[in-house]
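# Examination of the molecular architecture
Chain by chain, the residues:
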Amino acid sequence: MRKLLHTVLLGLLGAGIVHIVVLMLVPEFSERDAWSRLAMASDLYKMTRLDAEAGGAPVVKSVDPLFYAAACRFDLAEGMVRVKAPGNVPFWSVSVYDRSGHNLYSFNDHSATGGVLDTVVLTPAQMIDVRRELPEELQGAIFVEAPIEEGIFVIRSFVPDDSWKPVVSQFLEQSSCQLQDY
């Protein structure tokens, strides 16, 4: 009887470990990650609304209805990426993710010059080239050095009440994600 109980407990423990490992590996093998969903919704260097406010189904479901969001995919092997958004909203924040969805860098409007969103994402090698002679049009930009090739840039903006919805929507719709020549 003792051997049977020992075998059953060992089997349950082994099954539990296998179950946990499989759950942890699901994101690695998933074809419905953020990169894949954005790839189905738009091309590289194109800002795409993530929320349902833009019409249609949301690309990524938001957990906070008081924030609207937009994102673009980029490839730093082609060159550095500049992300800009005109306008004035109550609050915005941005994040840079690698292709797997790991957050590499985040900041908000309090870090930006005058609260204006103007950011350049580049590799360490591209940063060395830019530091040699900084172009005048990039003087006020925030530089994000990312040791990746492909990534996702996400802009989130706060919508305090319904009167701000059109302003925040316009802010996100007018945002740009462009391959920057240097």
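Along each chain, residues carry numbers from 1 onward, in the same order as the chain's sequence is written. Only residues with pLDDT of 70 or above have their local features reported here, since the model is predicted, and side-chain atom pairs are shown and tallied only from 80 upward, although totals for entire chains, interfaces and linings are computed over all residues. Working from all heavy atoms in the structure, the side-chain values ignore hydrogens and water.

For the rest of this paragraph, the subject is the nonpolar core. Among buried residues, the Ala, Val, Leu, Ile, Met, Phe, Trp, Tyr and Cys ones that are joined through side-chain atoms within 4.5 Å form a nonpolar core. Accessible area is worked out with a 1.4 Å probe on protein chains only. A residue is then buried under 20% of its type maximum, exposed over 50%, and partly exposed in between. Among the nonpolar cores identified, the biggest contains 29 residues, and M47, F74, W92, V121, F153, I155 and F171 are the most heavily contacted of them. Helix numbers and strand numbers start at the N terminus; a helix is a DSSP run of H or I with at least 4 residues, a strand a run of E with at least 2. Elements with a minimum of two residues in this core: β2 (67-75), β3 (80-85), β4 (92-98), β6 (117-122), β7 (142-145), β8 (150-158) and α4 (165-173). By residue number, the principal contributor to this core is β2, which donates 4 residues. Only heavy atoms matter for contacts: two residues are in contact if any of them lie within 4.5 Å across the pair. Other than its neighbours up to four places away in sequence, F171 contacts A85, P86, G87, V89, W92, L117, I155 and S157.

Take the pairing of β4 next. Look at any regular strand and the pattern is simple: side chains alternate between the two faces of the sheet. Of all 7 residues making up β4, 7 are buried, and the element is well covered by its neighbours. Of the two faces of β4, both are covered, the one formed by W92, V94, V96 and D98 as well as the one formed by S93, S95 and Y97. By definition, two strands form a pair when at least two bridges between them are found by DSSP. Of the strand pairs in this sheet, β4 and β8 are connected by 7 bridges, and their pairing is antiparallel. Bridge pairing in β8 links V94 to I155. Where β4 lies against strand β5 (residues 103-108), 5 bridges are found, and the strand directions are antiparallel.

Mapped onto the fold, S176 is located in strand β9 (residues 176-180). A sequence separation of 131 residues divides S176 from Y45, and the C-alpha atoms of the two residues are 8.0 Å apart. Excluding anything up to four places from it in sequence, S176 contacts M47, R82, V83 and K84.

What follows concerns the pairing of β3. Counting buried residues in β3 gives 5 out of 6 residues, a clear majority hidden from the surface. Inspection of the sheet shows β3 paired to β9 by 5 bridges, in the antiparallel sense. In the strand pairing of β9, K84 is matched with S176. Two elements, β3 and β6, share 5 bridges in a ladder whose sense is antiparallel. Bridging across to β6, A85 finds its partner in L117.

So, about the sheet that holds β4. Taken in spatial order, the 5 strands make up an open sheet running β1-β2-β8-β4-β5, and their pairing is antiparallel. With one partner strand each, in any of the chains shown, β1 (48-49) and β5 form the two edges of the open sheet. In the sheet, β1 pairs with β2 via 2 bridges, with the strands oriented antiparallel. In the strand pairing of β2, T48 is matched with A71. With respect to the sheet, α4 is in contact with β1, β2, β4 and β8, its orientation differing from that of β2 by roughly 0°. Each axis is a line fitted through C-alpha atoms, and for a helix only the stretch in contact is used; angles between axes span 0 to 180 degrees, taken between their N-to-C directions.

With 89% of its residues at a pLDDT of 70 or more, the protein has an overall mean of 87. For the protein, helix α2 (residues 34-41) is the element with the lowest average pLDDT, namely 79, and β3 is the one with the highest, namely 96. Confidence per residue, as judged by the predictor, is encoded in pLDDT with a range of 0 to 100.

On to the sheet that holds β3, then. With respect to topology, 4 strands assemble into an open sheet ordered β7-β6-β3-β9, the strand pairing being mixed. Lying at the two open borders of the sheet, with one neighbouring strand each, are β7 and β9. The sheet shows a mean angle of 25° between the axes of neighbouring strands, taken without regard to direction.

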